[in-house]
Amino acid sequence: MLQKPGSIDWEAVWKSLNWDDAQRQQAAERERLRQRAHQYAAPAAQAPTPEDSRSLLTFTLGHERYGVDVMLVRGVRAVAKIARLPGVPAFYRGVTNVRGRIITVMDLRYFFDISIEPEALPPGEMVIVRSNDLEIGLLAHQVNGISAVSPAAIRPVEHMPYMAGLTDERVIVLQMAWLLADERLIVGSATSSGQ
Amino acid sequence: MTTPSDADLLSIFWVEVGDYLQTLNNGLLQIETGAAENEAAVLREMNRVAHSMKGAARAVGISIIETIAHYLEAIFAAALNDRLALTPNLCDLLYDGIDLIQNVVNGVENPTEILAAALARLEQTVAARAPETRQHTARPAADSRRAASTVELAETGTLLLRPAEDGVRVPVSKLDRLSGEISELLVTKMHGEERQRDLYRLQRLHHRWQREWRSVRTAYIRLARRLQNQARDENAADLAALLEFLETNQHYLTETNRHIAQLARDVAQYNAQVGALVEQLQDDVGRMRLVPFESILGGFQRMVRDLARDVGKSIYLDLVGSTVELDKTTLDALREPIMHLLRNAVDHGIEPGPERTRLGKPETGRIQLAVEQRGKEIVVRVSDDGRGLDAEKISRAAQAAGLVGPQESVVLSEEEIHSLIYQPGLTTSENVTRLSGRGMGLDIVRTRVESLRGRVSVQSIPGQGTTFTLSVPLVLSRLSCVVLQVGDQNFAVPSARVSRMLKIRRDQVFTAEGRDMVQIHGQPMPILSLHALLGIAPAAPDDDEITLLVLAADERQIAFQIDALHSEQELVLKPLGREVENAHYISGAALLGSGDVIIVLDANDLIRSTPAAAPVFPHTADPDDPAPNAPPSRRRVLIVDDSITTRTLEKHILETAGFDVSVAIDGVEAWTMLAENAFDVVIADVEMPNMDGLELTRRIKNDGHLGQLPVILLTSLSRPEQREAGLKAGADAYVMKSQFDQAELLRIIQAVM
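A short tour of the structure in this document, coming up. (Residues numbered from 1 in each chain as written. Chains lettered and ligands numbered in written order. Predicted model: local features only at pLDDT ≥ 70, side-chain atom pairs only at ≥ 80, totals over all residues. Heavy atoms only, no water.)

### Some thoughts on the overall build of chain B
This is how the line gets drawn: Put simply, DSSP marks the helices as runs of H or I at least four residues long and the strands as runs of E at least two long, and each gets a number from the N terminus on. The buried label applies to any residue whose accessible area, calculated with a 1.4 Å probe on protein chains only, is under 20% of its type's maximum; exposed applies above 50%, and partly exposed to all values in between. Only heavy atoms enter the contact rule, under which two residues are in contact if any of them lie within 4.5 Å. Each accessible area value is a Shrake-Rupley result obtained with a 1.4 Å probe; residue values ignore everything except the protein chains displayed when judging cover.
Within chain B one finds 21 helices and 23 strands. In chain B, which comprises 753 residues, the share counted as buried stands at 45%. Considering only residue pairs separated by 6 or more positions, chain B has 68% of its internal contacts joining residues 24 or more positions apart. With an accessible surface of roughly 38200 Å², chain B has 51% of that area assigned to carbon and sulfur atoms.

This is how it looks when you write it as structure tokens:
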């Protein structure tokens, strides 16, 4: 109904009225969620994957991209406040509240001994994995989505104990079950001698 | 109604039989000890129970239980009829029968010959009395009397005949699940409260809009007037429409805000209701998990009786407060510690009869097991009227176990004795008996009780008796805590362990033996920095005042320096993952109302961290300071020192630094250990009995095999000639106790290795 805005600065009016701004933000958020939902839903929408291909959830942490078997993934969430734990290895960043449960948060870079540059943005997402009776939140800067990878496309890398290999897209495929069975993950397991 | 499957039926049967067996055990004990006020009533109850058990066993087709129950019933009936006296021998036979059934319940196979022998004896006993039994069961008068005595006994609080309430059995696992769901509900409730706060924020936002609207309103009105007066301008129509829209907008927004305000009020009200209900639910479910203490007592009576017979003592076990109710989990966890304490009392505490007579004590020893609820704690006391802790014997045993050096024993204080008894491997029993005396008791007691966040203390008067007191919190999932700040993070400490919170001036700190100390109400105590212990950078720059939190455990008090004290609050504890639950200094975690996690510190661990006072763990805080955290490969250290204090101190320092530590009390022992085990470094005192440190060093350095093994000599002597002798003997380094501190020790070890 408006043909000519005239000399009124509508942008400023909107801003001062505040509501439109919020609405636009909301719309942007909705769009982001819709895209993400679409991304997550993608593999299901695809033609049935061949039996031997694996579904990987891939995420970015620092300069690396990792892939974990979706069967071990319990969920993805934004990192809430982390309480640091004294007396645990540096790869455990602390614990956080996930729907009333306390989940230990792990930064794979400390575990793999990857140097960490001071970063503007700390990892803001968390992939919760579960295996061998352990449930741990792996920090990620970004969760990219799920993709099907055939085992042939995963090229083994030598001397990398917890990596099944690299994909063509240079995603490091983690052997999560092995990693979660590492004794180093259990604090006090080697020195539980008591008093 | 559905018919239960065989498996269901069986599992019900096992529980039922378990109850019956307990009743029989308790009843027999009452009769045997003469504790029963109405013996006939007890007998009738046992007779009834045996009868019911027989029927139940027949129903599920377990003939062995049916047979034994039949004999038991017949014997009780005969005893009721005064045809049979329950002599100690007969009681033993009855106990045997009960045990045979217990074995079946436990899934333990009864050896055929024992079973056959027991059955034969039962049959013999019954065969001789059978006619009278039948005669008795036919007497109707007995039944009316029985009802009367039931009431009478129930009033005296006897174990046997408490009136049963109508109810169903619920497995604890189901209750656990319920508790878990309730804590989820609590969190959901917190989310609801968060939404309530969102609504308030929305209202504030509206107020801001309102203010801004008011500030431009005059401009708006002016504009509207001008438009009214103006000739038809091409913009005027559009502007008028727009202004109209603004007007309606304002109405919409005001209306919306009114709704939001109403919504906020409703949400607040619902949240309050839900909150109250959830709390009620939590309390009720918590109470459902409560079981009377008496449910584990039967086993104790029997155990004490059997043990006392084994060692040929006469002992009476007195139970006080058996109706006190406590959480099933707590109760189960307390069973073992209490068992150990009772065993100790029977074995070590109570003297043999003749000795008691000689001392002028009653021949029958008395052990009391008393339970009471005191505030938010359950207090269990096991006391005996025996000989008390024998300081001399404990010192000797401690020597034998290598916990103290030979010449120190004479000066061991009462506190030292009391802390020694919890050491694994310590036993004062001269001959190791079947059940105690392996030195395994009290350390288990302490570990178990502490795992329940409780504590153990002991009072002992030589010649008059010993009392062990166990205190555990009433409710395990909630804990009253002091919230404090260390660096930039908050932690919680159980309030029960906090003995004082105070601020002192920095100049009130003095040093003793190189350690910071403070005197609080005349009592000197060490100050430890919690920052250092937890590996957290101190927050505030040096201040004139220091905030201290005094924690108490093991009859010690230590002041911990912190940054601030915040509040005391009731926390809902949550389990930590298996991967971190054993981390040092942490007893658990809890959720705050904000949904944030707070770490609950373990006061026992903190107190026992002394005297080692350095950062034990690398600081894991900021990513741009990645502390190297590769655990050092476990180096083996042999500490040779005749003083228990020094040995403990060194052991503690080195163990916290990650070393695998062994100790020897003199050169001779060290030499033997060196022959048998590989070590990476030896730390030895100079002056020791048998073989001194210098001699030990010479031997090591002259040994072809051990020649390369680094030796550090540690001594309180500061005479230069001693120092020279040490280096001449081949020692790699020499540390004086007067200069001794742990950083120095670790540095020197690093240097020589």
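### Quick word on the overall build of chain A
A count of helical and extended segments in chain A gives 4 helices and 10 strands. Buried positions account for 41% of the 195 residues belonging to chain A. Counted over contacts in chain A with a minimum sequence separation of 6, partners at least 24 positions apart contribute 55%. Of the roughly 11100 Å² of accessible surface on chain A, a fraction of 53% belongs to carbon and sulfur atoms.

### Thoughts on the side chain of T104 of chain A
Counted only if it meets this: Polar contacts here mean pairs of N or O atoms no more than 3.5 Å apart (in protein, one a potential hydrogen donor and the other a potential acceptor; neighbouring residues in sequence count only if both atoms are side-chain atoms).
You can see T104 of chain A is positioned in strand β5 (residues 101-106). Using a relative accessible area of 0% as the deciding quantity, one classes T104 of chain A as buried. At 2.5 Å, the side chain of T104 of chain A forms a polar contact with the side chain of E579 of chain B. Setting aside residues up to four positions removed in sequence, T104 of chain A forms contacts with Y92, G94, V95, E135, I136 and G137 of chain A together with E579 and V580 of chain B.

### Things to note about helix α18 (residues 667-676) of chain B
In an α-helix, one full turn covers 3.6 residues, which means residues spaced three or four apart are oriented alike. Residues and elements named next belong to chain B. Keep this limit in mind: The directions from the helix axis to the C-beta atoms form the arc being described.
Along α18, the residues that are buried comprise G667, A670, M673 and L674. For α18, the angular spread of the buried residues around the axis is 125 degrees, confining them to a single face. In α18, the exposed positions that point more than 90 degrees away from the buried face belong to A675 and E676. Taken together, the buried residues of α18 touch β19 (636-640), β20 (660-664), β21 (681-685) and α19 (693-702).

### Details of the pattern of salt bridges
Our working definition: In the sections that follow, a salt bridge refers to a side-chain nitrogen of Lys or Arg positioned within 4 Å of a carboxyl oxygen of Asp or Glu.
Applying the stated criterion across every chain yields a total of 35 salt bridges over all chains. Note that D133 of chain A is salt-bridged to R578 of chain B, the shortest N-O span being 3.9 Å. You can see D133 of chain A sitting in the loop between β6 (125-131) and β7 (134-140) and its partner R578 of chain B sitting in the loop between β16 (564-574) and β17 (586-591), one on each of two chains. Since its relative accessible area comes to 32%, R578 of chain B is described here as partly exposed. A salt bridge links E255 of chain B to R258 of chain B; the nearest nitrogen and oxygen atoms lie 3.0 Å apart. Separated by 3 residues within a single helix, E255 of chain B and R258 of chain B lie in helix α8 (residues 236-288), roughly one turn from each other. Take E255 of chain B: its relative accessible area is 35%, and that puts it in the partly exposed class. Looking at R258 of chain B, the relative accessible area reads 52%, which means it is exposed. Because the salt bridges share partners, they merge into one network encompassing E32, D92, D99, R302, R305, D306 and R309 of chain B.

### Structural notes on the environment of H63 of chain A
By the secondary structure assignment, H63 of chain A is in the loop between β1 (54-61) and β2 (64-69). Between the C-alpha atoms of H63 of chain A and H141 of chain A, which are 78 residues apart in sequence, the distance is 9.6 Å.

### Some details on the packing of aromatic side chains
As a reminder of what qualifies: Any Phe, Tyr or Trp ring, taking Trp's six-membered ring, that has another such ring centre within 6.5 Å forms a pair; planes under 30 degrees apart are called stacked, those over 60 apart edge-to-face, and the others tilted. Placement of a positive charge over a ring is assigned whenever Lys NZ or Arg CZ falls within 6 Å of the ring centre and within 35 degrees of the normal to the ring plane.
For the structure on display, the rule yields 9 aromatic pairs over all chains. Seen in terms of ring centroids, F13 of chain B and W14 of chain B are 5.2 Å apart; in terms of plane orientation they differ by 55 degrees. Their pairing is tilted. Exposure remark for F13 of chain B: the relative accessible area of 2% places this residue in the buried category. With relative accessibility at 26%, the residue W14 of chain B sits in the partly exposed group. Clustering of aromatic rings is evident, with ring pairs tying together F59, Y66, F91, Y92, F111, F112 and Y162 of chain A. Stacked on the ring of W671 of chain B, the Lys or Arg R699 of chain B has its end atom at 5.6 Å from the ring centre.

### Points about the sheet that holds strand β10 (residues 498-505) of chain B
Within a beta sheet, neighbouring strands are joined by backbone hydrogen bonds and run either parallel or antiparallel to one another. All names here are of chain B. Basically, it comes down to this: In this analysis, strands are considered paired if DSSP registers two or more bridges between them. Axis angles are defined between N-to-C directions and span 0 to 180 degrees, where every axis is a line fitted to C-alpha atoms and, for a helix, only to the segment in contact.
Across the sheet, which stays open at both edges, the 6 strands sit in the order β10-β14-β15-β13-β12-β11 with mixed pairing between neighbours. On the outer flanks of this sheet lie β10 and β11 (510-512), each paired with one strand and no other. In this sheet, adjacent strand axes meet at a mean angle of 40 degrees when their direction is disregarded. Strand direction decides the pairing type here: β11 and strand β12 (residues 515-520), joined by 3 bridges, are antiparallel. Of the residues in β12, the one forming a bridge with T511 is D516.

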